[in-house]
Amino acid sequence: MGGLAFTTPPYGLHTPRMPPAVYNQVKASCMAKLSELYAIVASPVDAPAKKDFGDVDFLVAEKKQSPAVPASETGLPSENDEDTRTQLLAIGGKLQASHSIILSPPVSANFAIPWPAGTEQEDQDQKTEDTREKFIQVDVRICKDEQQVKWALFKHAHGDIWNILGSTIRPHGLTVDEQALWLRIPEIEKHDKKKAKVRLTENPAEVLEFLGMKYDEHWTSPFDSVEELYDYVTACRLPLVRYPWLSDGDVGDAASNSSGATGTGEDTAAETRKQLKSNDRRRMNQRHIYRRWINDMIPQLLAEGRLATIEPEALPAMRAEVEQQAFERFPSVKEEYDARLKAWRMLKSTEAAKRAIKELIPDKGNQLYRGTLMSAMRKIILEGDQSFGILPGSPFKTEDGVYDLDVVRKFITEQAEVVGAAAWERHYGKARAAMDAKKTSQLSQEMTGLGF
C-alpha cells in the first residue's frame, strides 16, 4: 500500500515516509516481536537506492504454540488459535497497533503503529512545527508454509523487479504470479486466461535457471543501484521484444510493448506510455524504478538494438520455441499441457457442434417440429444415439476426440428431413400409444361400472 492504507477516512492518520534509520529501527523491532509468535519471519529485499520508505512488509509462517498474546490498549483480542483472523488480531496486539485493517481473504492485514520517539525525523518535525501525531504502516501476511514464504520473498524482492521481468517474459508465453512460474497455452488464453496457465515451478532457483539468470547474493540483499538492477534484468536469456501491432492487453504488460515509434527516445517513451494499461499507469505514478524503465531504459535499449520488434507471423514460432524448452526442462509439464489443450478443444468443438445444430435447422414456423428435430439431432450427434437407425457416412469425431464440423454440418443438411420424419413419428407414435392406452383404460372402467 506504500503507507497509504490509513491516510483516508475513517482513519485519516499521518503516515509520512520513513528515512532509512527509522525504517531499519522499526523493521528490527517488529521482526523481534513477530518472532515471538512465528518460527518463520521474513521481509522482502528492498529496492535499490531508496531514500525513504512508505511501509514495512513482513511474511510469517509456522505459528508457535506460545501463551496468549496480550491485547494492546486499543482492545484488540488476545486469542491465539488457528483462525487466521484471530492470528492477525493477535499480531496487532503484539505490535501494539493503534489501528488495523484485516484484508479479505483474512490472510494479511495493515497495522498502524506509533512513530518511534527520539528519532531524527521527529527533531526535524519540531523545527517545522509539524505537531501531527505520526504513525507507521506495517503490513503482515500469514503464509501457509515455508515454501510460500520463500516464493513471496522471491516475487516481491527488489520492489519493481518482477514488474519489469514479467513484461520481459510475457511475450514468450510465460507468467509469474503469486504462486509460481506458468506457461500459457496460446489457443486457450484468448478465451480463458486462468485455464490457459500450466504450472512450471514454484522454486525460485529453477525459475532463474530457466531464464538464464543467476540465483546469487542479489536475492538476499539489495542491488547497489537501480542501474545494477536493470543490468541484471536485461541479462535474461529471453530476447526483449516489442509488438506495436497488438492492441493493449493482448499479450500483457506494456513495459516491453513499446510502440512502433522510431524517432527520439522521448517519442518512444511517449508512445510506450500511451499503450500502458491502467495498472501500469498507476505503477508509473507510484514506482520510480518502473517509471525510469519506461521513460529511460526502453528508449535506450531500442537505440542500442537490444529491443527487437517481433512481427505477428513470428510470434507463434517464438512462443513454440519457449514451450519446447519448458517441456525439456520440466518434463512432467508436457502431459498436463497436452491434456489441458485436448480437453479444451473437445469442449469448444462440442459447443461448435451445438451451434451448428441450432443454426442449420431452420425455423419454418412449426416450433414443435423444429424442437423435435433438434432434440433428435443432439441425441444422434452429441450422445451417439443409434436408435433412429440413421448414421453419418464418416465418424462425427476425429481420432483426437473433437468433432469434425464438416461431417456434422453435412449430416445435418443432408439428413434433416429423414431424421425429422423419424423423430416426429417416434414422438407422435408415443403420443398416440399413450392416448390409445388411456382410452382403453377409460373403456374398461366404464364397462366395469356397468357390471360387465
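See the structure shown above.
To keep things clear, this report deals only with the structure shown in the data block. (Residues numbered from 1 in each chain as written. Predicted model: local features only at pLDDT ≥ 70, side-chain atom pairs only at ≥ 80, totals over all residues. Heavy atoms only, no water.)

Helices and strands together make up the secondary structure of the chain, namely 15 helices and 10 strands. The buried share of the chain, taken over its 452 residues, is 44%. Contacts in the chain between residues at least 24 apart in sequence constitute 62% of all its contacts with a sequence separation of at least 6. (Helix = DSSP H or I, 4+ residues; strand = E, 2+ residues; numbered from the N terminus. Buried < 20%, exposed > 50% of the residue type's maximum accessible area, 1.4 Å probe, protein only. Contact = heavy atoms within 4.5 Å.)

Let us look at the sheet that holds strand β7 (residues 181–184). The strand order β6-β7-β8 describes an open sheet built from 3 strands, whose pairing is antiparallel. Across the chains shown, the open sheet's two edge strands, defined by having one partner strand only, are β6 (174–176) and β8 (197–201). In this sheet, adjacent strand axes meet at a mean angle of 35° when their direction is disregarded. Pairing of β6 with β7 involves 3 bridges; the strand directions are antiparallel. From the neighbouring strand, Thr175 faces β7, where its bridge partner is Trp182. (Pairing = 2+ DSSP bridges. Axes fitted to C-alpha atoms, helices over the stretch in contact; angles between N-to-C directions.)

Taking 1.5 Å per residue as the helical rise, helix α14 (residues 367–382) with its 16 residues ought to reach 22 Å, and the 21 Å between its terminal C-alpha atoms agrees with that figure. With a side-chain oxygen positioned 3.3 Å from the backbone nitrogen of Leu368, the residue opening α14 is Asn366. Positive backbone phi, at 70°, marks Gly384, one or two positions downstream of α14. (Expected span 1.5 Å × (residues − 1). Polar contact = N/O pair within 3.5 Å; in protein donor to acceptor, adjacent residues only side chain to side chain.)

The next thing to look at is the sheet that holds strand β4 (residues 108–114). Ordered by their spatial adjacency, 5 strands build an open sheet running β1-β2-β5-β4-β3, and the pairing between neighbours is mixed. Two strands close off the open sheet at either side, each with one partner strand: β1 (38–42) and β3 (99–102). Taking the axes of each pair of neighbouring strands and ignoring which way they run, one obtains an average angle of 25° across the sheet. The pairing of β1 with strand β2 (residues 55–63) spans 4 bridges and is classified as antiparallel.

As a further point, take the pairing of β7. What you see with β7 is no split at all: Leu181 and Leu183 on one side and Trp182 and Arg184 on the other are buried throughout. In sequence, β6 turns back onto β7 through a hairpin of 4 residues. The pairing of β7 with β8 spans 4 bridges and is classified as antiparallel. Pairing of Arg184 across the sheet is with Lys197, part of β8.

Quick look at the packing of aromatic side chains now. Applying the stated criterion to the full structure yields 12 aromatic pairs. Ring pairs connect the aromatic residues Trp151, Phe154, Trp162, Trp219, Phe223 and Tyr232, which therefore count as one cluster. Cation over ring: Lys334 sits above Phe327, and NZ or CZ is 5.5 Å from the ring centre. (Phe/Tyr/Trp six-rings, centres within 6.5 Å; stacked < 30°, edge-to-face > 60°. Lys NZ or Arg CZ within 6 Å of the ring centre and 35° of its normal.)

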